[in-house]
Structure formats: structure tokens, C-alpha cells
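# Structural characterization, general
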Amino acid sequence: MSKEIDIEYYHQLALQKQKEHRKFLGNLKKKAPKNLDKIALEIHQEVFEEIDCTACANCCKTLGPDFKEADITRIAKYFKMKLPAFEAEFLEVDEDGDKVFKSMPCPFLGGDNLCSIYDVRPTDRKKIYQINHLTIKNTLTCPAAYLFVEKLKDRL
């Protein structure tokens, strides 16, 4: 049985440190250390030893992913659906022109907080400093994202 995560506690911490995090990640973007990807991977692993996503799943309840064509194709194929049918059932275009879920929580999130399409789920494919704006936004929702930025700040 996993330990319950106090989402509001982490949200308040992230709000307090948002300005500091934005500055830190902005500086990281200007001058990233050569081994940043290696450090980020190590910290990512540390964070997920501390945080059990299935005790939270706040990201899957409140933040939908931005679907790329490859994601849509992969997931529709998994369901043996034609692309237009999959998009009509699950997706809409948001104000930024991105394809996102019509509604949240994620329709593929189970009552046990497990992803029913885990092996074909959409994933981020960018380096940390290329998604600073998302990382900052995610710290407000995701305790793991908050801890990740804090540990990265301490390590660098």
C-alpha cells in the first residue's frame, strides 16, 4: 500500500518557489552543463523512489498531454480504431491549436490510478531546458516535478 501524497502541500510549496524555479530553469537554458541529461536522469530516478505516482495521479486527473500525430496513431492502433474515430471520441483542439483530451481526468486512468494504456501513452520527448514553461506549470500539479526541480537546483 502506497503512502498518500499531500497534493495541496506540494502545490503551496511550488507556488512559493515558482519565481525561484523560473529563474533557475531560465539560467539552465542559457548555460546548461554538459552532463545535464545524465544528472536529470539520476534525479528523475531518485524522485520516483520517493514519490509513488499511483498514490497521486494528479497529473492524469488534471493535466492532459498535448497529443502529437505519432501519439494519436500509436494509441488509435492500440484500440484498433481509425484515426478520425479516435480523435472524435477522445480529442479536441485547444486555443493553442494543440490536440488535447475533450475532458479530464484522462479517460484511460483506472480507479486504481494506473494507466490502462501505459505502454503506448504519450510521452515528453524534449530536453529539460526546452520545456521550462511546462516544468514550472507541472510543479504546481505534480509533487514529483516539484521535487525534481528542487533536487536539480541543489545538485547544480
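Procedures and definitions
- Residues numbered from 1 in each chain as written.
- Predicted model: local features only at pLDDT ≥ 70, side-chain atom pairs only at ≥ 80, totals over all residues.
- Heavy atoms only, no water.
- Helix = DSSP H or I, 4+ residues; strand = E, 2+ residues; numbered from the N terminus.
- Rg over C-alpha atoms; globule rule 2.2 N^0.38 Å.
- Buried < 20%, exposed > 50% of the residue type's maximum accessible area, 1.4 Å probe, protein only.
- Areas by Shrake-Rupley, 256 points an atom, 1.4 Å probe, with all protein chains shown as cover.
- Salt bridge = Lys/Arg side-chain N within 4 Å of Asp/Glu carboxyl O.
- Axes fitted to C-alpha atoms, helices over the stretch in contact; angles between N-to-C directions.
- Parallel < 35°, antiparallel > 145°, perpendicular 65-115°, else oblique.
- Contact = heavy atoms within 4.5 Å.
- Core = buried A, V, L, I, M, F, W, Y, C linked by side-chain atoms within 4.5 Å.
- Left-handed = near helix turned anticlockwise from the far one by under 90°.
- Nonpolar A, V, L, I, M, F, W, Y, C, P; charged D, E, K, R; others polar.
- Expected span 1.5 Å × (residues − 1).
- Arc of directions from axis to C-beta.

Okay, the overall build of the chain next. A count of helices and strands for the chain gives seven helices and two strands. Reading the helices (α) and strands (β) of the chain from amino to carboxyl end gives α-α-α-α-α-β-β-α-α. The C-alpha radius of gyration of the chain comes to 17 Å, within 12% of the 15 Å expected for a compact globule of 156 residues. Overall, the chain is about 45 × 40 × 30 Å in size when its C-alpha atoms are taken along their principal axes. Burial status across the chain gives 36% buried among its 156 residues. Accessible surface for the chain amounts to roughly 10,100 Å². Of this, 54% is attributable to carbon and sulfur atoms.

Turning our eyes to something else, we now look at the pattern of salt bridges. Taken as a whole, this structure holds 12 salt bridges when the rule is applied. With a closest N to O distance of 2.8 Å, glutamate 50 and lysine 151 form a salt bridge. Here lysine 151 lies in helix α7 (residues 143-155) and glutamate 50 lies in helix α2 (residues 36-50), a separation of 101 residues in the sequence. The partner of aspartate 66 in a salt bridge is lysine 68, and the shortest N-O contact between them spans 2.8 Å.

Now for the packing of helix α6 (residues 132-139) against α7. Put simply, α6 and α7 touch, their axes get as near as 7 Å, and they point 120 degrees apart. On the basis of their axis angle, the class for α6 and α7 is oblique. Note on element contacts: α7 touches α6 through Ala145, Tyr146 and Val149, opposite Thr135, Asn138 and Thr139.

Before going further, it helps to examine unusual backbone geometry. Note the cis peptide between methionine 104 and proline 105, where omega equals 5 degrees. Despite not being glycine, asparagine 113 has its phi angle at roughly 65 degrees, a positive value. One can find asparagine 113 in the loop between β2 (99-101) and α6.

Counting residues in each nonpolar core, the largest one holds 24 residues, and the members touching the most others are Tyr10, Val47, Ile51, Phe148 and Leu152. Within the residue set of this core, elements represented by two or more residues are α1 (7-30), α2 and α7. If one sorts the elements of this core by residue count, α7 sits on top with seven residues. When neighbours within four sequence positions are excluded, tyrosine 10 is seen to be in contact with Ile5, Ile51, Thr139, Pro143, Tyr146 and Leu147.

Let's shift gears to the packing of α1 against α6. At a minimum axis separation of 8 Å, α1 and α6 run at an interaxial angle of 165 degrees. Between α1 and α6, the angle falls in the class roughly antiparallel. As for the relative orientation of α1 and α6, their crossing is right-handed in sense. In contact with Tyr10, Ala14, Gln18, His21, Arg22, Leu25, Gly26 and Lys29 of α1, α6 contributes Asn132, Thr135, Ile136 and Thr139. Its residues assigned to classes, the contact of α1 with α6 shows four nonpolar, six polar and two charged.

Another point: α2. Here α2 spans 21 Å end to end across 15 residues, near enough to the 21 Å set by a 1.5 Å rise per residue. Where α2 is concerned, the buried positions are Leu36, Ile39, Ala40, Ile43 and Val47. Buried residues in α2, looked at end-on, bunch into an arc of 95 degrees, giving them a common side. Opposite the buried face of α2, at more than 90 degrees from it, the exposed residues are Lys38, Leu41 and Glu49. Considering only its buried residues, α2 is in contact with α1 and α7.

Any functional reading would require information that these geometric values do not contain.
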